[in-house]
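Architecture at a glance
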There are 2 protein chains.
Amino acid sequence: MPETIASLGEFGLIDRITGNFSAKHPQTLKGAGDDAAVIDTGKSLTLISTDLLLEGIHFDLIYTPLRHLGYKAVVVGISDIYAMNGAPRQITVSIGLSARFGVEQVDELYAGVKIACDQYEVDLVGGDTTASMTGLTLSVTAIGEVEKDKIVYRSGARENDLICVTGDLGSAYLGLKLLDREKRVLEGIENPQPVFDGYEYLLQRQLKPQAQRDVIEAMRENSLVPTAMIDLSDGLASDLLQLCKASKMGARVYLERIPIAKESFALAEELHIDPVVAALNGGDDYELLFTVPLNKQGEIAQIPGAEIIGHIVTEGKGAALTTPDGQEITLTAPGFGDGGR
Amino acid sequence: MPETIASLGEFGLIDRITGNFSAKHPQTLKGAGDDAAVIDTGKSLTLISTDLLLEGIHFDLIYTPLRHLGYKAVVVGISDIYAMNGAPRQITVSIGLSARFGVEQVDELYAGVKIACDQYEVDLVGGDTTASMTGLTLSVTAIGEVEKDKIVYRSGARENDLICVTGDLGSAYLGLKLLDREKRVLEGIENPQPVFDGYEYLLQRQLKPQAQRDVIEAMRENSLVPTAMIDLSDGLASDLLQLCKASKMGARVYLERIPIAKESFALAEELHIDPVVAALNGGDDYELLFTVPLNKQGEIAQIPGAEIIGHIVTEGKGAALTTPDGQEITLTAPGFGDGGR
């Protein structure tokens, strides 16, 4: 049977692509395989991360206000810089515009880009604008900086390290499901009035996610440098597996420790979705997943929203979820093109 | 009448977008408005440039081999770094893949990326891979480096400076027209055998353009630092107007000095296209347009393929083409989404 992209999966595909390349410049400290590329620019390290956001895959313009989309594009980009323990400094935003786009819509999109750039103190330094024959295309490249002794890769987790996450998980995915439901319910209705009462939090998590600047700044203030870190863009399962793979380690996560918001529990029940599955596979949360040595438990209490959810084990033990009754469920990642990415 | 994207044009749109943004970091030396962003990273400057390549706008997969497309994507990216008198060091390549793509096709695309990376000594350091609901989407971010006293902006041209170009112009556009013609002629024919005899050069210019590394290295060896420079991606008219606008200058270009290949003349005649119009508006040549002080005429002779085509005048005189009989034709740029971009 010939290999397909679906059978390889996104990460299999990336490994296949990047396996043929090796760095020619000693300044190239890290290429593909982490949240950002790392370039030695002398005094400090330059971080570069790039994301592609495509209409129909990453966003649906029926329920995504362009201002929110512009904002989110910046957050998605700089989240990768924070995940290396860096500070974002600059960003480029490229757009492919189909014929149905007017100037006012471009203005709206960039108004959102500007709000995020101002909030996170990032300079817009370029981009490319082009016509598009198909849908709206966005490409974001975030550029950041980190001191050489502060950089955190995915690969530094060690046995017995504590596994921590910030915020709550699965809420962005549930916000998306809520928008999807309203879209289906209201299809064909003139001037539809969607009802989101009580679920505003979930919508905000989907439409206006936040990058974890406060977390990174609190770590700095408390002199806490994680051993490994990744941002939660693809869901806890997939991202933890990436961290484990890079660190050549396994993991145990306690199911009841996974932070899930009360609004997520409520909507999940309404939609007959398992909220833990939403947390594991949903993605789009842009929280941080990181590991610290066992003796740093006290420092974790100083990091806003951070919770300990498990610990690192040896590679041979694999990555698994431990249920309250002691069962172990092996973690697996969803395939290429699945999920809320 | 409401403003439209078409009436603004690509550069009007970029001005409108970027006009609201101002830099917050002193390290951000140059944002939008040149070939690359310029960031002060201490000893030297880091250059960042990003390009979006969309199926149906920038390439047609009916006649573009994927290997060539991957190669060209890298060249398009690093060409902007050379245009700042820099050296490309790293690149990220993101792809959005529609369902019809298989692993072999991705391999072909990245085989082309690798050939270009090896040829130009550039490290692939990341990218994003995603499903696409529409066509193939490519986004390239090139990262380069230049010494602080060697950087060349678009904005440094001064009155009486000589205007120079490398290579020949319009041939990439004519190569595209040739491919278009064969596509139409051979539509519906089984196992079509397109005939390109005598025009291989034009095809190569379209399908496998070169970045001007040799030119930049020759400038360095001859201690020649242009006063202004831009790469010819949109056509001589548009790119010269950009350089003039950034420099607050005008220009006179002598029509008969514009370098046009003999194959371009031949095909242009066959297709009833004016080869000068192809050079002015065609784009995709990835040659360099630069200005040097009048007393550097001798050094230009040392730069491979460089020709003097005109000179810089004051802004009030505008940018115009001077015909052999002394007429002046004002230069204008094609609109948004036009041309071979």
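In this report, the structure presented in the accompanying data block is examined. (Residues numbered from 1 in each chain as written. Chains lettered and ligands numbered in written order. Predicted model: local features only at pLDDT ≥ 70, side-chain atom pairs only at ≥ 80, totals over all residues. Heavy atoms only, no water.)

**Some remarks on the interface of chain A and chain B**
Between chain A and chain B, the contact holds 74 residues from the first and 74 residues from the second. Summed over both partners, the interface of chain A with chain B buries about 5,900 Å², with 66% contributed by carbon and sulfur atoms. Our count for the chain A to chain B interface comes out at six salt bridges. The tally of links between chain A and chain B comes to 26 residue pairs in polar contact (both at pLDDT 80 or more). (Contact = heavy atoms within 4.5 Å. Buried area = accessible area lost by both parts, 1.4 Å probe. Salt bridge = Lys/Arg side-chain N within 4 Å of Asp/Glu carboxyl O. Polar contact = N/O pair within 3.5 Å; in protein donor to acceptor, adjacent residues only side chain to side chain.)

**Points about the environment of Asn85 of chain A**
Residue and element names in this part refer to chain A. Residue position: Asn85 is located in the loop between α2 (66-82) and β4 (87-97). Here Asn85 falls in the buried class, since its relative accessible area comes to 2%. For the pair Asn85 and Gln212, spaced 127 residues apart in sequence, the C-alpha to C-alpha distance is 10 Å. Excluding anything up to four places from it in sequence, Asn85 contacts Val146, Lys150, Val152, Ile216, Arg220, Val225 and Met229. (Helix = DSSP H or I, 4+ residues; strand = E, 2+ residues; numbered from the N terminus. Buried < 20%, exposed > 50% of the residue type's maximum accessible area, 1.4 Å probe, protein only.)

**Quick notes on helix α3 (residues 103-120) of chain A**
Residue pairs spaced three or four apart in an α-helix point in one direction, given the helix's 3.6 residues per turn. If you check α3 of chain A, its first and last C-alpha atoms are 26 Å apart, about what 18 residues at 1.5 Å a residue would give, namely 26 Å. Listing the buried residues of α3 of chain A in full gives Val103, Val106, Leu109, Tyr110, Gly112, Val113, Ala116, Cys117 and Tyr120 of chain A. Where the residues of α3 of chain A are buried, they touch α2, β4, β5 (123-126), β7 (137-146) and α6 (213-221) of chain A together with α1 (5-18) of chain B. One or two positions beyond α3 of chain A, positive phi appears at Glu121 of chain A, with a value near 55 degrees. (Expected span 1.5 Å × (residues − 1).)

**Side note on the relation of the copies chain A and chain B**
In the superposition of chain A on chain B (RMSD 0.0 Å, axial shift 0.0 Å), the rotation amounts to 180 degrees. Such values leave the two copies arranged in the relation of a two-fold axis. Comparing interface residues between copies, 100% of those in chain A also lie at the interface in chain B; the contact surface is shared. (Least-squares fit on C-alpha atoms with pLDDT ≥ 70 in both.)

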